[in-house]
Amino acid sequence: MKKKGFKLPTAYSILLIITVVIAIITQFIPGVKPARLSDVIMAPINGLKDAIDISLYVLLMGGFLGVVTKTGALDAGIGAVVKKLNGKELLLIPILMFIFSLGGTSYGMSEETLAFYALVTATMMAAGFDSLTAVATIALGAGSGVLGSTVNPFLVSTSIDSLKGVGIATNQAVVIGIGVALWLSSLLISIFFVMNYAKKVKNDKEASILSQREYDNAKEAFMDNNEATIEFTTKRKVVVWLFAISFIVMILGVIPWERFGITIFKETAFLTGEPLGNWWFSELAVWFTLMAIIIGIVYGFNEKEIVSAIIDGAAEMVGVALIIGISRGVSFIMSATNLDVYVLNRASTALTGMSPILFTNMAFLIYIALAFLIPSTSGLASLSVPIFGPLAQTLGFAPEIVISILSAGSGLVNLITPTSGVIMGGLAISKVEYTTWVKFVTKIVICIYISSAIILSIGMMLIK
């Protein structure tokens, strides 16, 4: 752990600075509505209003974790897992990263990963790694999958529907093929770097790039309660099973089954009013609150103990919920001033007349810039694909490549951008500062960028 001579700005300050900078930029661009002082001041509040569903989900997820943590089941379970691994703790990293990447490529697993940061951080620290290793395992695992989206409905289906809307038919097999190549290449790169870092930290704690303050904060949050051995009793084993079932149902709830022709969950609307496959943050918040109550009752807590644990757990997540909301303020400024449309139109004009390879790489760079300003993949797809798809077809290029370029560009940026509520929220949960994450992940992002550019260029040359 390295001590730093000055205190770096918090995530809140970084996001507010970005909001102000974008507002200033709008003052000097013709055709863009200049941001007013009131737009800047209200941006964080409007961002919070826009993100109220996910913010409530995070708070109530915190309540769920509060109840589970109070039972001691996770501490006991983590201790049992680490003991069984007995020197093979490094295997946790590729296994977890692959699992998270499956969620990313199949259904765009992103915000849902916030539920796993506390557990994975505690597990990694108990195994002898640091909290940064946990963040990297989740963020790069799921992020690699999203970058290489194959059937992710929020990106692939939205893009295909957008192209349909402008009269362009697409071959989804092409999208899946390129998506697999992007997914596996970025995942392998990420696993290589994360395992190398984790191995160094396990062998020598001084190899961690965390500051002393970050290490102390993480130790207080995730390790101090694990110093004494906690017995893995039958009750705690039942709690762990209920904990696992909670997340299995969460995953079943958010995968849009009907889009894949699966209709077996149609009759599951009795709990929330929406069948599994149509759940989103409101339904998930209710589900985890219900499971918190059930786990509390099973373990033998009384009503006051359950309520107290839920409130205490939610209190731990207030900062995370605020960061997620404030990050949306950047998108609010973009849409309120029409800067997003201006950038998109200028970008499409710049691509006209380019060769296939140049078009691919310039479009990749443009999507990287757009994704920084518009972190929502479905929102970016709806806004941009109806413009870039027809442009590619007019130039004689396969419009399917545009979907893969969008996937790679937005996926790459969302591994590092401070405008992503998921990245900022995950870092806040694991007590890792944003600047530390940037220091760690920059070289990984560069390697993934190079591999993705090569794959997209080859795809453009081969597909007509």
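Residues numbered from 1 in each chain as written. Predicted model: local features only at pLDDT ≥ 70, side-chain atom pairs only at ≥ 80, totals over all residues. Heavy atoms only, no water.

Participant: So what exactly am I meant to see when it comes to the overall build of the chain here?
Facilitator: The secondary structure content of the chain amounts to 20 helices and zero strands. Radius of gyration (C-alpha) of the chain: 22 Å, near the 23 Å computed for a compact globule of 464 residues. Here the C-alpha coordinates of the chain stretch approximately 70 × 60 × 50 Å along the principal axes. A fraction of 83% describes how many contacts in the chain between residues 6 or more apart in sequence connect residues 24 or more apart. Surface accessibility of the chain: about 19500 Å² in total, with carbon and sulfur atoms responsible for 67%. Of note, the chain has its 30 positive side-chain charges centred 6 Å away from the centre of its 28 negative side-chain charges. (Helix = DSSP H or I, 4+ residues; strand = E, 2+ residues; numbered from the N terminus. Rg over C-alpha atoms; globule rule 2.2 N^0.38 Å. Contact = heavy atoms within 4.5 Å. Areas by Shrake-Rupley, 256 points an atom, 1.4 Å probe, with all protein chains shown as cover. Lys, Arg positive; Asp, Glu negative; His and termini not counted. Charge placed at Lys NZ, Arg CZ, Asp CG, Glu CD.)

Participant: Would you mind going over the packing of aromatic side chains with me for this structure?
Facilitator: Both the distance between ring centres and the angle between the ring planes are used here to describe each pair of aromatic rings. Scanning the entire structure with this criterion turns up 20 aromatic pairs. Look at F364 and Y449: their rings are 5.1 Å apart centre to centre, the planes differ by 15 degrees, and that puts the pair in the stacked class. On the criterion of sequence distance, the pair formed by F364 in helix α16 (residues 356–373) and Y449 in helix α20 (residues 434–462) is long-range, its members being 85 residues apart. Assessed through its relative accessible area of 1%, F364 is described here as buried. Relative accessible area serves as the criterion here: at 26%, Y449 is assigned to the partly exposed category. Taking NZ or CZ as reference, K202 lies 5.6 Å from the ring centre of F129, over its face. For the cation-ring pair, K235 lies above Y299, with the distance from its terminal atom to the ring centre recorded as 5.6 Å. (Phe/Tyr/Trp six-rings, centres within 6.5 Å; stacked < 30°, edge-to-face > 60°. Buried < 20%, exposed > 50% of the residue type's maximum accessible area, 1.4 Å probe, protein only. Lys NZ or Arg CZ within 6 Å of the ring centre and 35° of its normal.)

Participant: Hey, could you run me through the side chain of S185 in this one?
Facilitator: Mapping S185 onto the fold places it in helix α9 (residues 172–203). At 3.1 Å, the side chain of S185 forms a polar contact with the backbone oxygen of L182. In contact with S185, not counting residues within four places along its chain, are S451 and I455. (Polar contact = N/O pair within 3.5 Å; in protein donor to acceptor, adjacent residues only side chain to side chain.)

Participant: Even after reading the chapter, I still don't get the nonpolar core, so can you show me in this structure?
Facilitator: When a protein is soluble and globular, its nonpolar side chains tend to lie buried together. Ranked by internal contacts, the top residues of the largest apolar core, which has 151 residues, are Y57, F64, L140, W437 and F440. Top contributing element to this core by residue count: α9, with 13 residues. If sequence neighbours within four positions are ignored, L140 has contacts with M97, V135, S190, V194, L415, W437, F440, V441 and I444. (Core = buried A, V, L, I, M, F, W, Y, C linked by side-chain atoms within 4.5 Å.)

Participant: Mind showing me how you'd approach the pattern of salt bridges here?
Facilitator: When their charged atoms lie close together, side chains carrying opposite charge are able to pair. A full pass over the atoms with the stated rule returns three salt bridges. Two residues, D39 and R36, come together in a salt bridge whose shortest N-O distance is 3.2 Å. The buried category is assigned to D39, whose relative accessible area is 7%. The partner of E433 in a salt bridge is R213, and the shortest N-O contact between them spans 2.4 Å. Of the two residues, E433 sits in the loop between α19 (421–430) and α20 while R213 sits in helix α10 (residues 212–222), which places them 220 residues apart along the sequence. A relative accessible area of 33% means that R213 is categorised as partly exposed. (Salt bridge = Lys/Arg side-chain N within 4 Å of Asp/Glu carboxyl O.)

Participant: What's the story with the packing of helix α2 (residues 37–50) against helix α14 (residues 318–337) in this structure? I'm lost.
Facilitator: When two helices pack together, you describe them by how their axes are tilted relative to each other and by the distance separating the axes. Relative to each other, α2 and α14 sit at 120 degrees, their axes nearing to 6 Å. When the axis of α2 is compared with that of α14, the two are oblique. Along this stretch, α2 crosses α14, giving a crossing that reads as right-handed. Here D39, V40, A43, P44, N46, G47, L48 and D50 of α2 come into contact with α14, specifically with A321, L322, G325, I326, R328, G329, F332 and I333. Of the residues contributing to the contact of α2 with α14, the split by class is nine nonpolar, four polar and three charged. (Axes fitted to C-alpha atoms, helices over the stretch in contact; angles between N-to-C directions. Parallel < 35°, antiparallel > 145°, perpendicular 65-115°, else oblique. Left-handed = near helix turned anticlockwise from the far one by under 90°. Nonpolar A, V, L, I, M, F, W, Y, C, P; charged D, E, K, R; others polar.)

Participant: It is not clear to me how helix α5 (residues 92–107) should be interpreted in this structure. Could you clarify?
Facilitator: A turn of α-helix holds 3.6 residues, and therefore any two residues three or four places apart point the same way. Relative to the 22 Å expected for 16 residues at 1.5 Å per residue, α5 spans 23 Å between its end C-alpha atoms, a close match to the ideal helical length. Taken as a whole, α5 has its buried residues at L92, I93, M97, F100, S101, G103, G104, T105 and Y107. Among the structural elements, α4 (73–85), α6 (117–126), α7 (131–147), α8 (153–165), α9 and α11 (234–254) are those in contact with the buried residues of α5. Of the residues one or two after α5, G108 is the one with positive phi, at around 70 degrees. (Expected span 1.5 Å × (residues − 1).)

Participant: What's the story with unusual backbone geometry in this structure? I'm lost.
Facilitator: Comment: phi is negative for the bulk of residues other than glycine, and the bulk of peptide bonds are trans. At N338, a position not held by glycine, the phi torsion is positive, near 65 degrees. Summarising the element assignment, N338 is placed in the loop between α14 and α15 (339–351). What makes N338 partly exposed here is its relative accessible area of 43%. Although it is not a glycine, K431 adopts a positive phi angle of roughly 65 degrees. For K431, the position within the fold is in the loop between α19 and α20. We classify K431 as partly exposed; its relative accessible area is 29%.

Participant: I tried to follow a nonpolar patch on the surface on my own but got confused; where do I start?
Facilitator: A surface patch of nonpolar side chains, about 660 Å² in accessible area, is lined by I357, I446, I450, I454, I458, M461 and L462. Sorting elements by how many residues they give to the nonpolar patch places α20 first, with six residues. Relative to the elements of secondary structure, I458 occurs in helix α20. (Patch = residues over 30% accessible without salt bridge, like charges linked within 9 Å, V, L, I, M, F, W, Y side chains within 5 Å.)

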